[in-house]
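The chain contents come next:
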Amino acid sequence: RGLGDVYKRQLQSNALLIGCMLLAASMMARRRWWLAALLLACATFIKIWPLAAVMLLVVGWPRQLAGRFAACAAGLAMVPFFTRPWGVVLRQYGDWWAMLARTRLDRWPGYRDAWTIWETLWPPVEAPLYLVLQLLTALGVLGWCAWQYRQTECARRRLTAVLAIWTAWQLLF
């Protein structure tokens, strides 16, 4: 398989992930909390990065979403135990966790984010400094979302604001 096949699969998983996130937001606006939690859990099982959006949404709807999301995520995590021997599943989860820790240290050349912009305009940034920048901007996003939650009672406006700022932050940082 060529690189084009890998790229196509990547696009398909990203489309499915975004679809899950948007459908979950639609379910939240309709107060269908269990279905929203399941869709959010599915998105985080496709890739880990939507967990940031889930955390922002839980801040706005903690009572409705936190427990339901945890239950759905736990349920999804249990599915492999019904299809494979427990030892194999535990080893695969361990390998996945190690891969997450390892790739956190790697910088992939295909990234198009704030780090890439920084490297183009100024001298290269060190990874620890960029991590601090990511965390500070994430705190800024969290603060902005908390402010949005206090500003409006309209669930649709809140959801739009949270998903918009999460998308911008996710693409940039």
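Reading the values: the criteria
- Residue numbers restart at each chain and count upward from 1, following the sequence in its written direction.
- Owing to the predicted nature of the model, reporting of local features is limited to residues with pLDDT of at least 70; listing and counting of side-chain atom pairs is limited to 80 or more, with chain, interface and lining totals taken over all residues.
- Heavy atoms throughout the structure, all of them, feed into the side-chain values; hydrogens and water do not.
- Secondary structure is summarised from DSSP: a helix means a run of H or I of at least four residues, a strand means a run of E of at least two, and numbering begins at the N terminus for each.
- With a 1.4 Å probe rolled over the protein chains alone, any residue whose accessible area is under 20% of its type maximum counts as buried; one over 50% counts as exposed, and the rest are partly exposed.
- Contacts are assigned to residue pairs that have any heavy atoms within 4.5 Å of one another.
- Only the protein chains shown count as cover for residues, and the accessible areas themselves come from Shrake-Rupley with a 1.4 Å probe.
- Helix span, expected: 1.5 Å multiplied by one less than the number of residues in the helix.
- Here the arc refers to the set of directions running from the helix axis out to each C-beta atom.
- Think of it this way: a Phe, Tyr or Trp ring, Trp meaning its six-membered ring, pairs with another when their centres are within 6.5 Å, and the plane angle makes it stacked under 30 degrees, edge-to-face over 60, tilted otherwise.
- Interaxial angles span 0 to 180 degrees and are taken between N-to-C directions of axes, which are lines fitted to C-alpha atoms, for helices over the stretch in contact.
- Should the near helix be turned anticlockwise from the far one by less than a right angle, the crossing is termed left-handed; should it be turned clockwise, right-handed.
- Within this analysis, patches are made of residues with over 30% relative accessible area and no salt bridge. Like charges are joined at 9 Å or less; nonpolar side chains (Val, Leu, Ile, Met, Phe, Trp, Tyr) at 5 Å or less.
- Whenever a carboxyl oxygen of Asp or Glu lies within 4 Å of a side-chain nitrogen of Lys or Arg, that contact is scored as a salt bridge.
- Nonpolar cores were defined as sets of buried Ala, Val, Leu, Ile, Met, Phe, Trp, Tyr and Cys residues, with membership established by side-chain atoms within 4.5 Å.
- Note that the term roughly parallel is reserved for angles under 35 degrees, roughly antiparallel for angles over 145, roughly perpendicular for angles of 65 to 115, and oblique for everything else.
- Lys, Arg, Asp and Glu make up the charged group, whereas Ala, Val, Leu, Ile, Met, Phe, Trp, Tyr, Cys and Pro make up the nonpolar group; the residues left over, Gly among them, are polar.

Looking now at the overall build of the chain. Across its full length, the chain holds 8 helices and 0 strands. For the chain, the sequential pattern of α-helices and β-strands runs α-α-α-α-α-α-α-α. Classification of the 173 residues of the chain by burial places 31% in the buried group. Nonlocal contacts in the chain, meaning residues at least 24 apart in sequence, comprise 65% of its contacts between residues at least 6 apart. Carbon and sulfur atoms make up 68% of the accessible area of the chain, which totals about 11,400 Å².

To continue, consider helix H4 (residues 62–78). If you check H4, its first and last C-alpha atoms are 24 Å apart, about what 17 residues at 1.5 Å a residue would give, namely 24 Å. Buried within H4 are the following residues: Gln64, Leu65, Phe69, Cys72 and Ala73. With its buried residues spanning 110 degrees around the axis, H4 presents them on a single face.

This part is about the packing of aromatic side chains. In total, this model carries 6 aromatic pairs according to the counting rule given. Where Trp61 meets Tyr149, the ring centres are 5.4 Å apart and the plane angle is 75 degrees; that geometry is what we call edge-to-face. Separated by 88 residues along the polypeptide, Trp61 in the loop between helix H3 (51–60) and H4 and Tyr149 in helix H7 (residues 127–151) bring together distant segments of the chain. Of the two residues examined, Trp61 and Tyr149, each falls in the buried class. Note on Phe81 and Tyr93: the rings are 6.1 Å apart at their centroids and 45 degrees apart in plane angle, and the pair reads as tilted. One end of the pair, Phe81, is in the loop between H4 and helix H5 (86–103); the other, Tyr93, is in helix H5, and 12 residues separate them in sequence. Joined through ring pairs, the aromatic side chains of Trp33, Trp61 and Tyr149 make up one cluster.

Relative to each other, H3 and H7 sit at 35 degrees, their axes nearing to 9 Å. Along this stretch, H3 crosses H7, giving a crossing that reads as right-handed. Across the interface between the two elements, Leu56, Leu57, Val59 and Gly60 from H3 touch Val141, Leu142, Cys145 and Tyr149 from H7.

So, about a nonpolar patch on the surface. A surface patch of nonpolar side chains, about 520 Å² in accessible area, is lined by Val59, Leu129, Val132, Leu136, Leu139 and Leu142. By residue number, the principal contributor to the nonpolar patch is H7, which donates 5 residues. By secondary structure assignment, the location of Leu129 is in helix H7.

Within the largest apolar cluster, 37 residues are counted, with the highest numbers of intra-cluster contacts made by Met28, Leu40, Leu57, Trp61 and Leu65. When contributions to this core are tallied by element, the ones reaching two or more residues are helix H1 (3–29), helix H2 (33–46), H3, H4, H7 and helix H8 (155–172). In terms of residue count, the dominant contributor to this core is H1 (8 residues). Leave out the neighbours within four places in its chain, and Leu57 touches Met28, Leu40, Leu65, Tyr149, Leu159 and Val162.

Our next topic: unusual backbone geometry. Positioned with a positive phi, Arg31 is a non-glycine residue whose angle comes to about 65 degrees. Note that Arg31 resides in the loop between H1 and H2.

Next up on the list: the environment of Val54. Relative to the helices and strands, Val54 resides in helix H3. A residue is classified by how much of its surface remains accessible, and Val54, at 2% relative accessible area, is buried. In this structure, the C-alpha to C-alpha distance between Val54 and Val162, residues 108 residues apart in sequence, is 10.0 Å. What Val54 contacts, discounting residues up to four positions off in sequence, is Leu40, Thr44 and Phe69.

Attention shifts here to the packing of H7 against H8. Here H7 crosses H8 at 170 degrees, and the two axes come no closer than 10 Å. Taken as axis vectors, H7 and H8 run roughly antiparallel relative to one another. Residues Tyr130, Gln134, Thr137, Ala138, Val141, Trp144, Cys145, Gln148 and Tyr149 of H7 lie in contact with H8, whose contacting residues are Arg158, Ala161, Val162, Ile165, Trp169 and Leu172. Across the contact of H7 with H8, the residue classes break down as 11 nonpolar, 3 polar and 1 charged.

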